[in-house]
Amino acid sequence: MTRIRIAVIGAGLAGLSCARELARTDADITVFERSRGLGGRLATRRSGELAFDHGAQFLTARGRPFVRYIETAVRSECAGAWRPRILEDQRRFDEPIDDWLVGTPGMSSIVRPLAHGLRIRTGVLVRELLRGRKGWELDTDAGRLPGAFDAVAVAIPAPGALTLLGPHGRAFRQLTSVGMAPCWTTMAAFAEPLAALAEQAYRYTNGSLAWAANDSSKPGRAAGPQTWVLHSSPRWAERQLEADAEQAARLLLKEFSEALGESLPVPVSLQAHRWRLALVEQPLGLPCLADEEIAAGACGDWCTAPRAEAAFDSGRALARSLLSAVGLSAAPARRH
């Protein structure tokens, strides 16, 4: 008997949680990721001896499925608790109110247990989905892939999901209602610790900055120059969206210095990354978006809330919809 083939596009938290749930069947699952690494916005930028969590800074776990997964990640030494001193709009906290969890030695490590044992093809950009009599075909930047898939899960930001799925059904027009905002990230490394700064994390609700953190204060980080990550506010990023990376890095570091009221030393490394689709401002309002008649759907944090756990739950919800579409049932989940 020919095994059912399912393609998952995107190897962030949503895509990998979807693929892991699908893999509880005897279906043949392949994950396609345009980047070289895994994790999506759970991202770590490495540059020589330096490493920066330039995407999501931490996550929290509330629902039982995600709590159990995080417990697995902690046991696998892929995650740990981070309890920084925080300054939030002039209010000081000795540690976070919620438990903050980070990947070790970088945020991208959190997805390693999900990815274990899955067939993942990195460096593959899926440009178009083609639906024919034999199923779904994937047209990539390297050409059309051989063979067809019985179902397809799209686990990328909503605008990209609309590009791929929009031509295949009215249900996917709902993706136009999702609102996402950009963010500029500055990554700075200093030869000596910034001793004048008492806090390890700064949160802002007004102005150009949204976040600043001492990445070196997170568990499992390598010794060396002290690394800091700054996130712009969405509105600042919109105004500076087309700035070059060097200019954005300098401007955001200047904003941080002014917010602190402190002069900062010249960093030994300064770079920036632009996230065009970083933050969910208007979610879809559904756990996932699926059309079971054509065995296709989309998932992500943009479905319900701007949280890592929302991406995890959305991926699992889409997997269940696609399994129903192709007539498969997942094996009972095992306790880790």
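Since the model is a prediction, treat every value here as computed from it, not as a measurement.

Student: Provide a residue-level description of helix H2 (residues 64-75), including the pertinent values.
Tutor: For H2, which comprises 12 residues, the first-to-last C-alpha distance of 16 Å matches the rise-based estimate of 16 Å (1.5 Å per residue) to within 8%. Of all the positions in H2, only Phe 66, Val 67, Tyr 69, Ile 70, Thr 72 and Ala 73 are classed as buried. Those residues of H2 that are buried are in contact with helix H1 (13-22), strand S5 (79-82), strand S8 (100-103), helix H3 (112-115) and helix H7 (308-326). Remark: Glu 77 follows H2 within two positions and exhibits a positive phi of approximately 60°.

Student: Please give an account of the nonpolar core that cites residues and values.
Tutor: Membership of the largest hydrophobic core comes to 48 residues, with the highest contact counts inside it found for Leu 13 and Leu 22. With 8 residues, H7 is the largest single contributor of residues to this core. Residues Ile 9, Phe 149, Val 154 and Leu 175 belong to the second largest nonpolar core, which totals 28 residues.

Student: Tell me about the packing of H2 against H7, and please be specific about residues and values.
Tutor: One way to put it is that H2 packs onto H7 with a least axis distance of 10 Å and a crossing angle of 110°. Taken as axis vectors, H2 and H7 run roughly perpendicular relative to one another. Residues Pro 65, Phe 66 and Tyr 69 of H2 form the contact with H7, whose participating residues are Glu 309, Phe 312 and Arg 316. Of the residues in the contact of H2 with H7, the class split is 4 nonpolar, no polar and 2 charged.

Student: Give me the lowdown on unusual backbone geometry, citing residues and values where you can.
Tutor: Leaving glycine aside, a negative phi is the common case for residues, and trans is the common case for peptide bonds. Following Thr 104, the chain continues into Pro 105 via a peptide bond in cis, with omega recorded as 5°. When you line up the elements, Pro 105 lands in the loop between S8 and H3. Positive phi, close to 60°, is recorded for Glu 77, a residue that is not glycine. Here Glu 77 falls in the exposed class, since its relative accessible area comes to 66%. Its identity is not glycine, yet Asp 89 carries a phi of approximately 50°, on the positive side. For Asp 89, the location among the structural elements is in the loop between strand S6 (86-88) and strand S7 (91-93).

Student: An account of the packing of aromatic side chains is needed here, citing residue identities and associated values.
Tutor: Scanning all chains against the criterion turns up 11 aromatic pairs. Measuring from centroid to centroid gives 3.7 Å for Phe 58 and Trp 100, while their planes differ by 15°, and the two rings are stacked. Linking Phe 58 in the loop between strand S4 (50-52) and H2 with Trp 100 in strand S8, this pair joins segments that are 42 residues apart in sequence. Between the aromatic rings of Trp 228 and Phe 256, the centroid separation amounts to 5.7 Å while the plane-to-plane angle is 40°, which identifies the pairing as tilted. Here the residue Trp 228 occupies a position in strand S17 (residues 226-232), and Phe 256 occupies one in helix H6 (residues 245-260), the gap between them amounting to 28 residues. Of the two residues, Trp 228 and Phe 256, both sit in the buried class. The structure contains a cluster of three or more aromatic residues connected by ring pairs, namely Phe 58, Trp 82, Trp 100 and Trp 211.

Conventions adopted
Residues numbered from 1 in each chain as written. Predicted model: local features only at pLDDT ≥ 70, side-chain atom pairs only at ≥ 80, totals over all residues. Heavy atoms only, no water. Helix = DSSP H or I, 4+ residues; strand = E, 2+ residues; numbered from the N terminus. Expected span 1.5 Å × (residues − 1). Buried < 20%, exposed > 50% of the residue type's maximum accessible area, 1.4 Å probe, protein only. Contact = heavy atoms within 4.5 Å. Core = buried A, V, L, I, M, F, W, Y, C linked by side-chain atoms within 4.5 Å. Axes fitted to C-alpha atoms, helices over the stretch in contact; angles between N-to-C directions. Parallel < 35°, antiparallel > 145°, perpendicular 65-115°, else oblique. Nonpolar A, V, L, I, M, F, W, Y, C, P; charged D, E, K, R; others polar. Phe/Tyr/Trp six-rings, centres within 6.5 Å; stacked < 30°, edge-to-face > 60°.

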